[in-house]
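Residue-level structure breakdown
What follows is the residue order along each chain.
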Amino acid sequence: MTLHDDAVLVLKGYEGQPELRDLYLEHLATHPDGMYKPCAAGHLTSSALVIDPTRGRVLLTLHKKLGMWLQMGGHCEEVDATVEAAALREAAEESGVGGLTLLPGGPVRLDRHAIPAPCHWHLDVQYAALAPADGVERISEESLDLRWFAYDEVAAVADTSVVRLVEGTLARL
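I will try to describe carefully the structure that is included in this document. Please read these numbers as outputs of a predicted model, since none were measured by experiment.

This next bit is on helix H5 (residues 160–172). Note on helix geometry: an α-helix contains 3.6 residues per turn, so any two residues three or four positions apart are oriented the same way. In this model, H5 (13 residues) spans 18 Å end to end at C-alpha, consistent with the 18 Å of a helix rising 1.5 Å per residue. All of the buried residues along H5 are Ser-161, Val-162, Val-163, Leu-165, Val-166 and Thr-169. Looking at the buried residues of H5, the elements they touch are strand S1 (43–52), strand S2 (57–63), strand S3 (69–70), strand S6 (109–114), strand S7 (121–130) and helix H4 (154–157).

Here it is in structure tokens:
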């Protein structure tokens, strides 16, 4: 099974946000290359909110290019067998936290956002990753900063997409 096939299966099984889910599926149906960065019409990305439920906090990265506090995530790569694997890889690379596990149940949310040319859209498939109790974060070269925020602090530092991802994750917990 290809990553493209996996993404279609994941999206068909995702019951939330039906209009956005259908837009993602239409994109993949018309763009066989829609999983990867070179697709100029837009491409799927995969991200994960790193969460520590025992301490009531989430780990956000201050994105180097965007200057915004975001969940960990990015482009799918040829080495990724599944969309979940891409989210977990990105979360581990950008957070430095070892032993992350994805919250069961598939994606928490979808988020489509415009990006600068030459590409036009990121179609993000958003997961949540549970941090182990002994997990230690380490800033990556893709970040300006990396910081834990209490759930109720997120709205003051992050955009609506991240706030909704936190809310969706807490509802699933």
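Now for the packing of aromatic side chains. Within the structure shown, the criterion is met by one aromatic pair. Note on Trp-69 and Phe-149: the rings are 5.0 Å apart at their centroids and 75° apart in plane angle, and the pair reads as edge-to-face. Within this pair, whereas Trp-69 is found in strand S3, its partner Phe-149 is found in strand S8 (residues 143–150), the two being separated by 80 residues in sequence. Relative accessible area serves as the criterion here: at 5%, Phe-149 is assigned to the buried category. Lying over the aromatic face of Trp-148, Arg-57 brings its terminal NZ or CZ to 4.0 Å of the ring centre. Lying over the aromatic face of Trp-121, Arg-112 brings its terminal NZ or CZ to 3.5 Å of the ring centre.

Two elements in contact, helix H1 (residues 3–13) and helix H2 (residues 18–30), have axes whose closest approach is 10 Å; the angle formed by their N-to-C orientations is 160°. The angle between H1 and H2 falls in the class roughly antiparallel. Remark: the crossing between H1 and H2 carries left-handed chirality. Residues His-4, Ala-7, Val-8, Leu-11 and Lys-12 of H1 lie in contact with H2, whose contacting residues are Arg-21, Tyr-24, Leu-25 and Leu-28. The class makeup of the residues in the contact of H1 with H2 is six nonpolar, one polar and two charged.

As a further point, take helix H3 (residues 83–95). Helix length check: H3, at 13 residues, gives a terminal C-alpha distance of 18 Å against a target of 18 Å (1.5 Å per residue), a fit within 8%. When we look at burial in H3, the residues that qualify are Val-83, Ala-86, Ala-87, Arg-89, Glu-90, Ala-91, Glu-94 and Ser-95. Against the buried residues of H3 lie H1, S1, S2, strand S4 (72–75), S7 and S8. Once H3 ends, the next one or two residues include Gly-96, with phi positive near 75°.

With that out of the way, let us pick up the pattern of salt bridges. Enumeration over the complete set of coordinates arrives at eight salt bridges. In this structure, the salt-bridge partner of Arg-89 is Glu-77, at a minimum N-O distance of 3.4 Å. Placement of the pair is Arg-89 in helix H3 and Glu-77 in the loop between S4 and H3, with a sequence separation of 12 residues. The exposure class assigned to Arg-89 is buried, which follows from its relative accessible area of 15%.

Turning next to the side chain of Asp-52. Here Asp-52 lies in strand S1. Asp-52 gets classed as buried once you look at its relative accessible area, which sits at 3%. A polar side-chain atom of Asp-52 sits 2.7 Å from a polar atom in the side chain of Thr-54. Beyond its immediate stretch of four places on either side in the chain, Asp-52 contacts Arg-57, Trp-148 and Tyr-151.

How each quantity is defined
- Residue indices begin from 1 for each chain and proceed along its sequence in written order.
- Only residues with pLDDT of 70 or above have their local features reported here, since the model is predicted, and side-chain atom pairs are shown and tallied only from 80 upward, although totals for entire chains, interfaces and linings are computed over all residues.
- Excluded from the side-chain calculations are hydrogens and water; all other atoms, namely the structure's heavy atoms, are used.
- A helix here means a DSSP run of H or I that spans at least four residues, while a strand means a run of E at least two residues long, and both kinds are numbered starting from the N terminus.
- Expected helix span is computed as 1.5 Å times (number of residues minus one).
- Accessibility here uses a 1.4 Å probe with only protein chains present; expressed as a share of the type maximum, an area under 20% marks a residue as buried, one over 50% as exposed, and anything in between as partly exposed.
- For this analysis, residues touch if any pair of their heavy atoms sits within 4.5 Å.
- The criterion for an aromatic pair is that two Phe, Tyr or Trp rings (for Trp, the six-membered ring) have centres within 6.5 Å, with stacked assigned to planes under 30 degrees apart, edge-to-face to planes over 60 apart and tilted to the rest.
- Charges are assigned to positions over rings by a cutoff of 6 Å between ring centre and Lys NZ or Arg CZ, combined with an angular limit of 35 degrees from the ring normal.
- The axes used here are C-alpha line fits, helices contributing only the stretch in contact, and every angle between their N-to-C directions lies in the interval 0 to 180 degrees.
- Angle categories: roughly parallel below 35 degrees, roughly antiparallel above 145, roughly perpendicular from 65 to 115, and oblique for all the rest.
- Each helix crossing is assigned a hand: it is left-handed if the near helix lies turned anticlockwise from the far helix by less than a right angle, otherwise right-handed if that turn is clockwise.
- When residues are grouped by polarity, Ala, Val, Leu, Ile, Met, Phe, Trp, Tyr, Cys and Pro land in nonpolar, Asp, Glu, Lys and Arg in charged, and all others, Gly among them, in polar.
- Just to be clear on terms, a salt bridge is a Lys or Arg side-chain nitrogen sitting within 4 Å of an Asp or Glu carboxyl oxygen.
- Under the rule applied, a polar contact is a pair of N or O atoms within 3.5 Å (in protein, one hydrogen donor and one hydrogen acceptor; residues adjacent in sequence only if both atoms are side-chain atoms).

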